[in-house]
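# A closer look at the structure
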Amino acid sequence: MLEVSIIRNQKDRVVEGFQKRNLNDAAIAELDNIIALDDERKSVQTSLDSILAEGNALSKEIGELFKSGKQAEAAELKEKVASLKETTKELENRHKEIKDQIEEKLLSLPNVPHTSVPKGKTPEENEVFKAWDKEIPQLHANALAHWDLAEKYDLFSLPLGVQLTGSGFPVYKGKGAKLQRALISFFLDEATNAGFQEIIPPLLVNRHSARGTGQLPDKEGQMYYCEKDDLYLIPTAEVPVTNLYRDALVSVDELPIKMTAYTPCFRREAGSYGADVKGLNRVHQFDKVEVVVIEHPEKSYDTLMTMVDHVEGLLKKLELPYRILRLCGGDMGFNSALTFDFEVFSMAQKKWLEVSSVSNFESFQANRMVLRFKDTDGKNKLAHTLNGSALALARIVASLLENNQTEDGIVIPEVLRRYTGFEKI
RNA sequence: GGAAGAAUGGCAGAGUUGGUUUAUUGCACCGGUCUUGAAAACCGGCGUACCUGAAAGGGUACCUGGGGUUCGAAUCCCUAUUCUUCCGCCA
């Protein structure tokens, strides 16, 4: 959620940013509506405050009159105060109404893209921030896609998931399951070594949490929901982990707060069917290790780059061909100010698969969550929040299986062998 | 699931016969004295948000959320949520 002060004081930047997101004029006009409402809010509050001040002063007098036994005069004042009540009520209602309207409008506005975000509408217009500069190796002639490899080596089964749950819920078996566990341990160890504190959060969250990180109201349809208890299954560990600091006031020297968590992620992926969803490319439940950082506003972009480096390091160690994209305004998420996507090339499918998304949300989430820090000047300020996948498992597994297949088995990358206990599938 | 109790400013913790408590006090924090330096001690400052003002300052709201009684509520009533304890169930 944007701050009204940003809309007021940096309107040109906001408008420019919204144009990058290809928002229509109506959305941009909302900015003026918000400012107008805020002006009204101020004037209503001024009137309301002075009436309340008058009432408070009179009530105090009444108290003193009672004490000194002047009942008649007190009764007279009582009537006077009572006459203020109606106006007070009216102003209070109007004040609340305006505040709600402003909030509703603010919630519908996306974050302002960072200046470095390129213009563009579709994923094709994303900027290649770092290309894969080596040759992509060729697979042998009988190379298979990961869903065929899964069958050949009995690594995971989607039909069994259908039997248990429905489509998009893979069941991992044998070495396939071990590989999952190995990757999770590897990613967590790498994050811990990089200074992230490991967290094991709940997998269900309440609506306050879902709202805090921006899943509500924008992405309600994407989450699984338990109606009876009014709880949501997390679509990413970002939600519970970032919300650990909802309504928090931290000291400036606690920053940066660096956390990591492994969780399964649940996404309804409503409306997405077709070729992209084959195998593990898009599933309803997948495992992911997430990194979350709460940072000082002046340092958040440096921190974003260290997170990008961290994720890049993981892909290098896994020896996968990857590239880094800087998302264009049209492809960037609602909450983000700047996002880098990581894609791994799948040699069997001959296409890039998104395996990580690293973003700076600036104060957008912090404003919703009221996540503040006490700065060195003693003032409370909104912190910046950042997060990234480090990494998402399902597609990493898909590309590992495909890219590492040989005529006589699938080779496990060196760094994973101490976790898997085997070198080859 | 049943019963009882509780929810106060960054933390701890007073205050519940309604009106100089719009919040005692301690810790933490900031400034100062002392000291070679630090600690201790002592002195002073210190909640949050919003409105107003060039500033100094002034005002309003906030004692878990929502509603009510009253001229006036942290304090009384209703309601929701959460926590604690006991009982029941259970890994």
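Residues numbered from 1 in each chain as written. Chains lettered and ligands numbered in written order. Predicted model: local features only at pLDDT ≥ 70, side-chain atom pairs only at ≥ 80, totals over all residues. Heavy atoms only, no water.

When you go through chain A residue by residue, the secondary structure sums to 13 helices and 18 strands. Referenced to the eigenvectors of the C-alpha coordinate spread, the extents of chain A come out at roughly 105 × 45 × 40 Å. For chain A, buried positions account for 49% of its 425 residues. Partitioning the contacts of chain A with sequence separation of at least 6, the portion at a separation of at least 24 is 73%. Carbon and sulfur atoms make up 49% of the accessible area of chain A, which totals about 20,700 Å². Separation between the mean location of the 54 positive side-chain charges and that of the 65 negative ones in chain A comes to 2 Å. (Helix = DSSP H or I, 4+ residues; strand = E, 2+ residues; numbered from the N terminus. Buried < 20%, exposed > 50% of the residue type's maximum accessible area, 1.4 Å probe, protein only. Contact = heavy atoms within 4.5 Å. Areas by Shrake-Rupley, 256 points an atom, 1.4 Å probe, with all protein chains shown as cover. Lys, Arg positive; Asp, Glu negative; His and termini not counted. Charge placed at Lys NZ, Arg CZ, Asp CG, Glu CD.)

Moving on, we come to the sheet that holds strand 7 (residues 231-233). Spatially, the three strands line up as an open sheet ordered 5-7-6, and their pairing is antiparallel. Single-partner strands in this sheet number two, and they are strand 5 (204-205) and strand 6 (225-226). By the bridge criterion, two bridges tie strand 6 to strand 7 in an arrangement that is antiparallel. Each bridged residue has a counterpart across the sheet, and for Tyr-225 the counterpart in strand 7 is Tyr-232. (Pairing = 2+ DSSP bridges.)

Our focus in this paragraph is helix 7 (residues 174-193). The terminal C-alpha atoms of helix 7, which comprises 20 residues, lie 29 Å apart, in line with the 28 Å expected from a rise of 1.5 Å per residue. Of the residues one or two after helix 7, Gly-195 is the one with positive phi, at around 95 degrees. (Expected span 1.5 Å × (residues − 1).)

Attention now moves to the layout of surface pockets. The gaps of empty space that remain are located by a probe, the size of a water molecule, rolled over the atoms. Looking at the largest pocket, its volume works out to about 1,400 Å³. Residue lining of the largest pocket: 45 residues in total, with Arg-267, Asp-341, Glu-354, Ser-357 and Arg-395 positioned closest to the centre. For the lining of the largest pocket, the secondary-structure elements that each account for two or more residues are strand 10 (285-295), strand 12 (338-346), strand 13 (351-360), strand 16 (384-392) and helix 12 (393-403). Residue contributions to the lining of the largest pocket peak at eight residues, all from strand 13. Residue classes in the lining of the largest pocket are distributed as 15 nonpolar, 15 polar and 15 charged. The volume enclosed by the second largest pocket comes to roughly 270 Å³. Together, 13 residues line the second largest pocket, and Val-4, Lys-99, Ile-102, Glu-103 and Leu-106 are the ones closest to its centre. Secondary structure elements with two or more residues in the lining of the second largest pocket: helix 1 (4-9), helix 3 (25-67) and helix 4 (71-107). No other element matches helix 4, which puts five residues into the lining of the second largest pocket. Considering only residue class, the lining of the second largest pocket consists of five nonpolar, two polar and six charged. (1 Å grid on protein atoms, 1.4 Å probe; cavity = no way out; pocket = protein on both sides within 12 Å on 5 of 7 lines; lining within 4 Å. Points joined across faces, edges and corners; volume = space filled by probe spheres on them. Nonpolar A, V, L, I, M, F, W, Y, C, P; charged D, E, K, R; others polar.)

So, about the confidence of the model for chain A. Model confidence for chain A is summarised by a mean pLDDT of 88, while 98% of its residues fall at 70 or above. Two summary scores accompany this predicted model of the complex, namely pTM at 0.89 and ipTM at 0.81. (pLDDT = per-residue confidence, 0-100.)

We now examine the protein's contact with RNA strand B. Every one of the 19 residues lining RNA strand B counts as a neighbour, but Arg-41, Lys-42, Gln-45, Thr-46 and Ser-59 are closest to it. Counting only the atoms of RNA strand B that lie within 4 Å of the protein, the sugar and phosphate share comes to 78%. With respect to RNA strand B, the side chain of Asp-49 contributes an N or O atom lying 3.0 Å from a sugar or linking oxygen. Contact distances for RNA strand B include 2.9 Å between a sugar or linking oxygen and a side-chain N or O atom of Ser-59. Those elements giving two or more residues to the surface near RNA strand B turn out to be helix 3, helix 4 and strand 14 (372-374). Take the surface near RNA strand B: its biggest share by element is 12 residues, from helix 3. Along the lines of polarity and charge, the residues of the surface near RNA strand B split into six nonpolar, six polar and seven charged. (Near = heavy atom within 4 Å. Polar contact = N/O pair within 3.5 Å; in protein donor to acceptor, adjacent residues only side chain to side chain.)

Another point: helix 2 (residues 11-20). Every buried residue belonging to helix 2 is among Val-14, Val-15, Gly-17, Phe-18 and Lys-20, and all of these are buried. Looking one or two places after helix 2, you find Asn-22, whose phi comes out positive at around 65 degrees.

This paragraph deals with the packing of aromatic side chains. Counted according to the given criterion, the structure contains nine aromatic pairs. Measuring from centroid to centroid gives 5.9 Å for Phe-156 and Tyr-172, while their planes differ by 55 degrees, and the two rings are tilted. Of this pair, Phe-156 sits in strand 2 (residues 156-157) while Tyr-172 sits in strand 3 (residues 171-172), placing them 16 residues apart in sequence. Seen in terms of ring centroids, Phe-169 and Tyr-224 are 6.3 Å apart; in terms of plane orientation they differ by 55 degrees. Their pairing is tilted. Here the residue Phe-169 occupies a position in the loop between helix 6 (158-164) and strand 3, and Tyr-224 occupies one in the loop between helix 8 (207-212) and strand 6, the gap between them amounting to 55 residues. Positioned above the aromatic ring of Phe-196, the side-chain terminus of Lys-258 is 4.6 Å from the ring centre. (Phe/Tyr/Trp six-rings, centres within 6.5 Å; stacked < 30°, edge-to-face > 60°. Lys NZ or Arg CZ within 6 Å of the ring centre and 35° of its normal.)

Here we take up empty space enclosed by the protein. In total, this model carries one cavity of 30 Å³ or more according to the counting rule given. Its boundaries defined by the atoms lining it, the largest cavity holds a volume of some 30 Å³. In terms of lining residues, the largest cavity is bounded by Leu-179, Leu-400, Leu-401, Asn-404, Ile-410, Val-411, Ile-412 and Pro-413. Looking at the lining of the largest cavity, its residues break down into seven nonpolar, one polar and no charged.

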